[in-house]
Amino acid sequence: DVKVTQSSRYLVKRTGEKVFLECVQDMDHENMFWYRQDPGLGLRLIYFSYDVKMKEKGDIPEGYSVSREKKERFSLILESASTNQTSMYLCATHSSMNTEAFFGQGTRLTVV
Amino acid sequence: QQPVQSPQAVILREGEDAVINCSSSKALYSVHWYRQKHGEAPVFLMILLKGGEQKGHDKISASFNEKKQQSSLYLTASQLSYSGTYFCGTVEETSGSRLTFGEGTQLTVNP
């Protein structure tokens, strides 16, 4: 069974903290994505990676960074969490542009 | 660039039909359709590739007009289980494998 696993389902952090969201896939896919989901705004692309150590900014990269040291793991980093980063974060992966994407269960992050 | 979806929300009675549209200002390589139920991850429905094809399974089908960079998702004889938020995702011809989603269409099917 295909698996995309996000490290936490729910997370509460304080303003200014450094936050790490982890995503691990077991499908040997090259492409991994981080999206942010907010009501009425859909799924907005934060960053994506098309290979180990390779990354591209998405539509809303400000305040975020990413790391991909191994093919199966893609981390999203909030350098200094702020309340406007309270959101649902979804990780996804796909092998190529003409194949389906698989999503993790999401991490509901609350910054207080 | 995010594709644009319409309508934002649809309310149907069981058995009615619905159409959800997705458009982009960029030349597309592929269009993906996903459905997300509340509290769950989005689930893949189908993918349409450049070439203007139409795909379908059961009572859900989709078309892709590559000249207009538009795709439509057709839900016929809707069932209660069709309720959820539908997202179109697009891969632009010049963007490699970058997959960008629209704002979603909330579909509610009532008995």
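The rules behind the values
Positions within a chain are numbered from 1, following the residues in the order the chain's sequence is written. For this description, chains carry letters from A and ligands carry numbers from 1, given in the order in which they are written. Where local features are concerned, this predicted model is filtered to residues with pLDDT of at least 70; where side-chain atom pairs are given and counted, the filter is 80 or more; whole-chain, interface and lining totals use all residues. Calculated side-chain values reflect all of the structure's heavy atoms, with hydrogen atoms and water omitted. Working definition: helices are DSSP H or I runs of at least four residues, strands are E runs of at least two. Numbering for both runs from the N terminus. Restricting the calculation to C-alpha atoms gives the radius of gyration, and the globule rule supplies 2.2 Å times the number of residues raised to the power 0.38. The rule is simple: take the accessible area with a 1.4 Å probe, protein chains only, and divide by the maximum for that residue type; under 20% is buried, over 50% is exposed, in between is partly exposed. For the charge count, each Lys or Arg is scored as positive and each Asp or Glu as negative, with His and the chain ends excluded. A charged residue contributes its charge at one atom only: NZ of Lys, CZ of Arg, CG of Asp or CD of Glu. The criterion used for residue contact is that any of the two residues' heavy atoms lie within 4.5 Å. Within this document, salt bridges are pairs made up of a side-chain nitrogen of Lys or Arg and a carboxyl oxygen of Asp or Glu, the two lying within 4 Å of each other. Charged means Asp, Glu, Lys or Arg here, nonpolar means Ala, Val, Leu, Ile, Met, Phe, Trp, Tyr, Cys or Pro, and polar covers whatever is left, Gly included.

*Asks:* In this structure, what is going on with the overall build of chain A? I would like to understand it.
*Replies:* Scanning chain A from N- to C-terminus turns up zero helices and 11 strands. In chain A, the order of α-helices and β-strands from amino to carboxyl end is β-β-β-β-β-β-β-β-β-β-β. Its C-alpha atoms give chain A a radius of gyration of 13 Å, near enough to 13 Å, the size a compact globule of 112 residues would have. When its C-alpha atoms are laid out on the principal axes, chain A stretches across 40 × 25 × 25 Å. By the burial criterion, 49% of the 112 residues in chain A qualify as buried. Side-chain charges of chain A comprise 15 positive and 15 negative groups, with the mean position of each set lying 7 Å from the other.

*Asks:* What's the story with the interface of chain B and chain A in this structure? I'm lost.
*Replies:* In many reports, interface size means the accessible area that the parts give up when they come together. Facing the 25 residues of chain B at the interface are 27 residues of chain A. For the interface between chain B and chain A, the tally reads two salt bridges. As a salt-bridge pair, B:Arg98 and A:Glu56 come within 4.0 Å of each other at their nearest N and O atoms. Contributions of two or more residues to the side of chain B that touches chain A are made by β4 (28–36), β5 (43–49), β9 (84–92) and β10 (100–101) of chain B. Top contributing element to the side of chain B that touches chain A by residue count: β4(B), with five residues. The residue makeup of the side of chain B that touches chain A, split by class, is 11 nonpolar, 11 polar and three charged.

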